[in-house]
Number of protein chains: 2
Amino acid sequence: MKKRSEMQLALQMVSGYGAEFSAWRMPGTDPAAYTNMDSYVERAKLAEQGKFQMIFIADTPALSNNLGPQTPMFPMDPMLALMAVARETQHIGLVATLSTTFNYPYNIARQFKALDVISHGRVGWNAVTTSDPLAAANFGARVENRQERYDKAHESIQIVQALWGSWEPDAWTLDVEVGEFADMDKIQPINLQGQYYASRGPLPIPPSEQGQPVIFQAGGGGEGLELAGKYASGVYANPYDITSALEHRQAIRQSAARFGRNPNDIKMFAGFMFSLASTEEEALDRRKQLMSFNPQEIPSRVSYLGSMVGLPLSVNSVDIDQPLAADLLKNAYANPMDPRSPRALKLLKEGLSVRDVLAHGVINYHPVVAGTPTQVADFLEEWFLAEACDGFSVVPDVSFDGVADFVNQVVPILQERGLFHKEYEGKTLRENMGVPYEYGLQEHGINE
Amino acid sequence: MKKRSEMQLALQMVSGYGAEFSAWRMPGTDPAAYTNMDSYVERAKLAEQGKFQMIFIADTPALSNNLGPQTPMFPMDPMLALMAVARETQHIGLVATLSTTFNYPYNIARQFKALDVISHGRVGWNAVTTSDPLAAANFGARVENRQERYDKAHESIQIVQALWGSWEPDAWTLDVEVGEFADMDKIQPINLQGQYYASRGPLPIPPSEQGQPVIFQAGGGGEGLELAGKYASGVYANPYDITSALEHRQAIRQSAARFGRNPNDIKMFAGFMFSLASTEEEALDRRKQLMSFNPQEIPSRVSYLGSMVGLPLSVNSVDIDQPLAADLLKNAYANPMDPRSPRALKLLKEGLSVRDVLAHGVINYHPVVAGTPTQVADFLEEWFLAEACDGFSVVPDVSFDGVADFVNQVVPILQERGLFHKEYEGKTLRENMGVPYEYGLQEHGINE
Ligand SMILES: Cc1cc2nc3c(=O)[nH]c(=O)nc-3n(C[C@H](O)[C@H](O)[C@H](O)COP(=O)(O)O)c2cc1C
Ligand SMILES: Cc1cc2nc3c(=O)[nH]c(=O)nc-3n(C[C@H](O)[C@H](O)[C@H](O)COP(=O)(O)O)c2cc1C
């Protein structure tokens, strides 16, 4: 059995390079990793050596960013990448995002369940509604209002679950002597009809070792919480600090309870980014090297940092390799709208140069630790013991060496402290996450 | 360069067992091959050793048959199966069916193109409109009339092609020094708007070594011919005899010419099934063993055979292990509606027992040769030299040993006779099929 005293780890694969958009330019990195499945497979194998519960591939069906200096944000195709990994790993969970708005439930159900069977029960589906207008345009659609997106998501998830359960657990008899491949009386249509989606079924796929894939949800908002509470066994979140993480986790647990579930059956993973080195200074140097690949972005980062601490900073008005002058700093204050601000202000007040403060990742999308393995482990321990999360969805600055470094240097510390398991508890993702077996539809109104 | 004097071979993978529904019960077969990607990978590797141009996985998104004595007709998921094969082969082409009716063009374009890039240009898409009402019901739809299905298919294929071409061939600059991952000026939206489908693009995927996947079409009819003539470089067909194959091939070639293409740029593959052994008698025994797994089907097969030759045959009125009596046979005639009838009648007149005539596969969906490697090679040679096809889409009765037997026993004969290549001509499917490089939209009216 999975113990609550142990955190869980998911490795974010992104588009193959790491969290930093300039990661593809780091020496050692394969610049074409985006199209090279070996890079996904190698990183996943390392994560499996490190006993990570899962890898996670986020996705939006669009080219959502400018590819000049940057790599794509998402993989060429998440399901094909997971398939490559499935064939060359044995234990690690395989989770990908697929949009409930821009895929037919039957196709979602089929591809995830097939992969779940192929991987012997290691698959998870992060069900998102996709709010990116560029994605909608790829399907000849406009972004629907939030209510409609989530209404569709409820129908999609219920149809997918029902299709997953359309073979009774013992339907696949495979009796060579008698000549019964399956018991057709135990393989039945689902005949679900929603307002947006409908499906007859059955799916041509038997149960997997964990019954069916684990459902994940990502992001917040009332609609997201409801989705999580009803269906999800895992939630990906990006809180910036312990306080907001605690709040989010409580809200998720309450939502699960509201829908009659045990709050312990839903695990929250907090996004976390790291830059590892043997000293903090070297870790900052690594991040400064990454920053140096895109010097044209520095001016906007500096002024963004200024807005976080109430100062009109610009590369023309300050020397970014020096600490801020005391008479400037005395007017600074932490922007109350941005939970990352207190940390930015604290570092500036400690006398770090503007460049070093930026290198600490204060304006990044995830909390960042740039430092030693012990510093990273300390951060994870603090959040976890504060019950701010059940685990972390970690992403290295640069995957090329970052995954191996985390596995070889941080994981052993967590294990020594009793904060992370030393062996997989079971064979399936459900067993390794400590969430219950599920099979078939958890009905929430699609037939009303 | 590919020579016209050489036939091409595609291996049909079906659901992992072979063409015969009882193949899963043959000794040696893994009865769970359906869920075991190893079985797909091993068969594909054998086909690659035999220099097959491609494997082909047909698909319909439905459980279209009764799983009691039979296995499913289609794989759990064709794209995942191809991905497994892509990672463990180097040369062989990878073709799967995906429905233009029940997939968004963006999703089709993305998954096929990603696989094409991953496999270094070995992928083909068999674009079908899906006429199975069970499939339609899985998407909450009814089967549309043929015209509407094909109107959608034209839009789908054009949008897919345009998305495939949404990066100019030299857009992926990958300049680590300068820091340019791609030249965004050369990655443009496609903004195609049809009556049923629309997409903005671009796809987040660079060109593959063959530009983009090869398009295939399957089946006949005026609408199918038009689709083939406009877009396809390969056509899968199931003619029963040389005459109808010749007609079909001519019609395809004329259709290509009508749309301004070189008729040699479209290759027709005739479906063909074989049962191999060192003597014809042993090959028939093998097929009788397969028949014996489903004794309950024999009565209907016998009366079906009767209807092909104008006789009211039944298991009650004749001894199926004996030749038909002369006074019964004298009333027999070949049903003019069924091109398989003359062969059935000929074998009956030669004095074969009813069971042996059935074992010859006269009522099968494909032409069948049950016999020695030389007999199989003779059949293929005759069709090919008659210009009835450009190659064959072959399917063994039982994949477990049938693929290896064909590769080891039939392929060398074809090679000796100069009818089949001894080495792959190039690296991509296009090169190995001898069809030209294509990139981007071949416009046929979507913007009118
Ligand atoms: C950690 C995390 C991961 C997410 N992953 C995805 C993703 O992979 N694909 C996606 O389209 N949206 C993703 N989202 C976005 C959410 O699903 C959600 O759409 C977003 O928070 C906006 O909220 P709304 O849907 O209520 O408008 C993610 C959000 C978070 C916080
Ligand atoms: C050799 C061959 C292969 C085919 N493969 C598929 C397939 O994989 N999936 C499918 O839905 N239909 C397949 N079809 C069916 C055709 O695409 C077509 O729908 C059928 O011939 C009916 O014609 P219609 O579309 O004009 O009604 C195949 C047909 C042939 C002859």
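Residues numbered from 1 in each chain as written. Chains lettered and ligands numbered in written order. Predicted model: local features only at pLDDT ≥ 70, side-chain atom pairs only at ≥ 80, totals over all residues. Heavy atoms only, no water.

Q: Mind showing me how you'd approach the interface of chain A and chain B here?
A: You'll often see interface size given as the accessible area lost when the parts meet. At the junction of the two partners, chain A supplies 71 residues and chain B supplies 71 residues. Taking both partners together, chain A and chain B bury about 5800 Å²; carbon and sulfur atoms supply 64% of that area. Summed over the shared surface of chain A and chain B, the number is six salt bridges. A salt bridge links Glu88 of chain B to Arg87 of chain A; its shortest N-O distance comes to 2.9 Å. Taken together, the links from chain A to chain B amount to 39 residue pairs in polar contact (both at pLDDT 80 or more). Those elements giving two or more residues to the side of chain A that touches chain B turn out to be α1 (37–49), α2 (78–87), α3 (105–118), α4 (133–138) and β6 (198–199) of chain A. Sort the elements by how many residues they give to the side of chain A that touches chain B and α3 of chain A lands first, with eight residues. Here the residues of the side of chain A that touches chain B sort into 44 nonpolar, 16 polar and eleven charged. (Contact = heavy atoms within 4.5 Å. Buried area = accessible area lost by both parts, 1.4 Å probe. Salt bridge = Lys/Arg side-chain N within 4 Å of Asp/Glu carboxyl O. Polar contact = N/O pair within 3.5 Å; in protein donor to acceptor, adjacent residues only side chain to side chain. Helix = DSSP H or I, 4+ residues; strand = E, 2+ residues; numbered from the N terminus. Nonpolar A, V, L, I, M, F, W, Y, C, P; charged D, E, K, R; others polar.)

Q: I keep staring at the relation of the copies chain A and chain B and nothing clicks. Help me out?
A: A rotation about an axis combined with a shift along that same axis relates the two copies of the chain. If you rotate chain A by 180 degrees and push it 0.0 Å along the axis, it lands on chain B with an RMSD of 0.0 Å. What the superposition gives is, in effect, a two-fold axis relating one chain to the other. When the interface residues of chain A are mapped onto chain B, 100% of them again lie at the interface, so the same face is used by both copies. (Least-squares fit on C-alpha atoms with pLDDT ≥ 70 in both.)

Q: Can you walk me through the pattern of salt bridges in this structure?
A: Any two side chains of opposite charge can pair if their charged atoms end up close together. Applying the stated criterion across every chain yields a total of 44 salt bridges over all chains. Note that Lys288 of chain A is salt-bridged to Asp356 of chain A, the shortest N-O span being 2.4 Å. Of this pair, Lys288 of chain A sits in helix α8 (residues 280–292) while Asp356 of chain A sits in helix α12 (residues 354–359); the two residues are 68 residues apart in sequence, bridging distant segments of the chain. In this structure, Glu226 of chain B engages Lys230 of chain B in a salt bridge whose closest nitrogen and oxygen atoms are separated by 2.8 Å.

Q: How should the domain arrangement of chain A be read in this particular structure?
A: Residue and element names in this part refer to chain A. According to the domain assignment, chain A consists of domain 1 (8–277 + 372–433) and domain 2 (280–359). Averaged C-alpha coordinates put domain 1 and domain 2 at centres separated by 34 Å. Taken residue by residue, the interface counts 20 residues in domain 1 and 13 residues in domain 2. Carbon and sulfur atoms make up 51% of the surface buried where domain 1 meets domain 2, a total of about 1500 Å² over both sides. It is Arg25, Met26 and Tyr240 that lose the most area in domain 1 upon contact with domain 2, and together they represent 32% of the buried surface on that side. Across the pair Glu20 and Arg287 runs a salt bridge whose closest N-O atoms are separated by 3.0 Å. Joining domain 1 to domain 2, the criterion identifies eight residue pairs in polar contact (both at pLDDT 80 or more). Within the residue set of the side of domain 1 that touches domain 2, elements represented by two or more residues are β9 (267–276) and α14 (399–416). In terms of residue count, β9 provides more of the side of domain 1 that touches domain 2 than any other element does, three residues in total. (Domains from an automatic or database assignment.)

Q: Which parts of the structure should I look at to understand the packing of helix α13 (residues 373–385) of chain B against helix α14 (residues 399–416) of chain B?
A: Two quantities define a packed helix pair, namely the angle between the axes and the distance from one axis to the other. Residues and elements named next belong to chain B. Where α13 contacts α14, the two axes come as close as 9 Å, and the packing angle between them is 50 degrees. The orientation of α13 relative to α14 falls into the category oblique. In this structure, α13 crosses over α14, and the sense of that crossing is right-handed. Contacts between α13 and α14 involve Pro373, Thr374, Val376, Ala377 and Leu380 on the former and, on the latter, Phe406, Gln409, Val410, Ile413 and Leu414. When the residues that make up the contact of α13 with α14 are grouped by side-chain class, the tally is eight nonpolar, two polar and no charged. (Axes fitted to C-alpha atoms, helices over the stretch in contact; angles between N-to-C directions. Parallel < 35°, antiparallel > 145°, perpendicular 65-115°, else oblique. Left-handed = near helix turned anticlockwise from the far one by under 90°.)

Q: In this structure, what is going on with the site of ligand 2? I would like to understand it.
A: Residue and element names in this part refer to chain B. The local shell around ligand 2 holds 15 residues, among which Asp59, Thr97, Arg146, Arg149 and Tyr150 are the closest. One nitrogen or oxygen atom from the main chain of Asp59 is found 2.7 Å from a nitrogen atom belonging to ligand 2. A total of 620 Å² of accessible area belongs to ligand 2 in isolation, and the protein chains cover 79% of it. When residues of the shell around ligand 2 are traced back to their parent elements, those giving at least two are α5 (146–164) and β8 (234–237). For the shell around ligand 2, the element with the highest residue contribution is α5, accounting for three residues. (Near = heavy atom within 4 Å. Areas by Shrake-Rupley, 256 points an atom, 1.4 Å probe, with all protein chains shown as cover.)

Q: Would you mind going over the nonpolar core with me for this structure?
A: Across soluble globular proteins, nonpolar side chains have a tendency to be buried as a group. One finds Phe392 and Phe406 of chain A together with Phe392 and Phe406 of chain B to be the most contacted residues of the largest nonpolar core, which totals 224 residues. Contact partners of Phe406 of chain A, with chain neighbours within four places excluded, come to Leu9, Phe52, Phe274, Leu276, Val376, Leu380, Val394 and Val411 of chain A. (Core = buried A, V, L, I, M, F, W, Y, C linked by side-chain atoms within 4.5 Å. Buried < 20%, exposed > 50% of the residue type's maximum accessible area, 1.4 Å probe, protein only.)

Q: What is the right way to look at the pairing of strand β10 (residues 368–371) of chain B in this model?
A: For a regular strand, side chains alternate in direction, first toward one face of the sheet and then toward the other. All names here are of chain B. The alternating pattern of β10 places Val368 and Ala370 on one face and Val369 and Gly371 on the opposite face, and all of these are buried. In terms of strand pairing, strand β9 (residues 267–276) meets β10 through four bridges, oriented parallel. Residue pairing for β10: Ser275 is matched across the bridge by Ala370. (Pairing = 2+ DSSP bridges.)

Q: Can you walk me through the site of ligand 1 in this structure?
A: All names here are of chain A. Taken together, the neighbourhood of ligand 1 is formed by 15 residues, with Asp59, Thr97, Arg146, Arg149 and Tyr150 sitting nearest. Within the side chain of Thr60, one N or O atom sits 3.3 Å away from an oxygen atom of ligand 1. Contacts to ligand 1 include Arg146, whose side-chain N or O atom sits 2.7 Å from an oxygen atom. In isolation ligand 1 offers 620 Å² of accessible surface; the protein chains occlude 79% of this area. The greatest single-element share of the shell around ligand 1, amounting to three residues, is contributed by helix α5 (residues 146–164). Residues that form the shell around ligand 1 fall into these classes: six nonpolar, six polar and three charged.

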